[in-house]
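What the coordinates show
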Amino acid sequence: MFARIVLSACFALVSVAYIAQPAYAIPFFWEVFNEKVVPADPKEEPAKAFATTATASKCNVCHIDGQSKKERNAYGAALDELLDKANFDKERLEKEKDKATEEVVAALEKVKAMKVNKEDEKSPTFADNISAGKLPSEIAKAQPMPEPTPEPMPMESAAEEKTGLVLDQAALDKLKAEIRKEVKAELSTDLRKSMADAIKTQLQVIDIVKAHPLAPVDDATEEEAIKQITARGGRVNVLAQNSDEKVVSFHLSDKPIDDEALALVRKLRNVVEINARGTAVTDEGVKQLVGLPNLQKLNLAQTGITDAALIYLVPHTKLTYLNLYGTKVTDKGINVLANLTSLKNLYLWQTGASQEGADALESQLTGLEVNLGS
């Protein structure tokens with residue numbers, strides 16, 4: 001999530017920042033990283049190599065060279081889940097910079113122990129790479145494997161001698177035909193069920209959209225909604241300069257945030273990101289989000305939502321990021337998320353979802369990464 005990534009532009013000053021906190025946090029994150037991770041005056045390798053590489057790479061310590069700044073490498077993605085950039089605005093840094101520094105240092109220390117490739121047991125940790133003088137997320141290039149020398153095909157007599165089996169072509173053809181028949185029948189059954197489930201879901205979504213029409217929003221309506229959200233301790237920020245894309249954050253509020261508060265978002269235009277982490281939002285609150293045409297990122301971690309809420313997320317066809325950490329969702333519920341074809345990052349730490357359920361969902365959506373935590 002762009003509004004939540006630590007080292008937001010990863011040590012580089014960027015021209016695009018939230019209006020309410022113009023690039024103030026970026027030097028702060030670099031200051032902490034530079035002081036705590038990058039050696040100040042290294043004399044020996046590999047510390048010297050790491051200091052040189054990190055300083056030269058700047059934003060590419062967390063981001064991917066040549067790609068959008070919204071795209072992060074494994075190190076940037078790991079930090080993104082631990083820190084919220086909105087929690088390090090100018091006002092807070094002026095009042096409690098020491099506490100904010102401690103939070104960033106704790107995140108940097110925690111990330112060190114994580115593996116660069118969490119799917120590979122032999123993958124180095126970020127700390128391993130740093131100790132070796134590399135960027136934290138650097139992955140060694142695999143050495144090409146030598147071409148295997150083909151073994152000669154055994155003679156029929158040798159096969160008969162070892163197995164005692166004489167292959168009869170007619171019997172083999174019959175066996176192949178039976179296998180094809182069984183596979184075809186099983187595949188047909190799966191396809192019919194899959195198609196039926198997909199059609200059922202789409203019909204539900206059509207009914208949901210009809211039941212939750214989005215009313216036109218004018219300037220006065222939006223202004224009043226922003227006032228009410230602010231009064232409840234929420235924030236409405238513009239994603240970037242010269243843009244009307246809005247980010248709504250409730251997770252830092254010192255007041256109760258419930259379904260009624262979340263419903264105020266419907267009165268805003270062009271909302272692309274909502275953070276309701278740790279609030280009292282329930283399934284009913286998720287229903288209130290139906291109709292937001294441009295929603296791309298949604299954080300519902302540690303809220304009261306269940307499987308019943310997930311069908312109401314399907315209308316958000318542009319959703320790429322969804323955080324359900326610490327909720328009551330299960331394998332039965334997350335299956336419906338296969339209809340979110342744009343989804344790329346799904347977080348299911350401490351939920352009822354299993355590895356089998358996560359794998360099944362990933363197999364249905366190209367490019368989806370489901371994170372179940374450690």
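Going by the structure above, here's the rest.
Notes on the structure follow. All values derive from a computational prediction rather than experimental measurement.

So, about the side chain of K246. You can see K246 is positioned in strand β2 (residues 246-249). Using a relative accessible area of 10% as the deciding quantity, one classes K246 as buried. The contacts of K246, once residues within four sequence positions are left out, are E222, V236, N237, R269, N270, V271, V272 and E273.

A few words now on the nonpolar core. If you look at the biggest cluster of nonpolar residues, it comprises 49 residues, and the most contacted ones within it are I274, L298, L310, L322, L324, L337 and L346. Those elements that provide at least two residues to this core are α7 (169-211), α8 (219-231), α9 (259-263), β3 (271-275) and α12 (355-364). With residues up to four places along the chain from it excluded, the contact list for L337 reads L310, L313, L322, L324, L346, L361 and L365. Counting residues in hydrophobic clusters, the runner-up holds 26 residues, among them F29, L83, L93 and A100.

In total, this model carries three aromatic pairs according to the counting rule given. Where Y347 meets W349, the ring centres are 6.4 Å apart and the plane angle is 80 degrees; that geometry is what we call edge-to-face. A relative accessible area of 7% means that Y347 is categorised as buried. The class for W349 is partly exposed, based on a relative accessible area of 24%. An aromatic cluster of three or more residues is present, and its members are Y321, Y325, Y347 and W349.

Our focus in this paragraph is the environment of V38. Note on placement: V38 falls in the loop between α1 (25-36) and α2 (47-57). The class of V38 is buried, set by a relative accessible area of 6%. Between the C-alpha atoms of V38 and A51, which are 13 residues apart in sequence, the distance is 5.5 Å. Each residue touching V38, except ones within four places of it in the same chain, is listed here: F33, F50, A51 and A54.

Reading the values: rules and limits
Residues numbered from 1 in each chain as written. Predicted model: local features only at pLDDT ≥ 70, side-chain atom pairs only at ≥ 80, totals over all residues. Heavy atoms only, no water. Helix = DSSP H or I, 4+ residues; strand = E, 2+ residues; numbered from the N terminus. Buried < 20%, exposed > 50% of the residue type's maximum accessible area, 1.4 Å probe, protein only. Contact = heavy atoms within 4.5 Å. Core = buried A, V, L, I, M, F, W, Y, C linked by side-chain atoms within 4.5 Å. Phe/Tyr/Trp six-rings, centres within 6.5 Å; stacked < 30°, edge-to-face > 60°.

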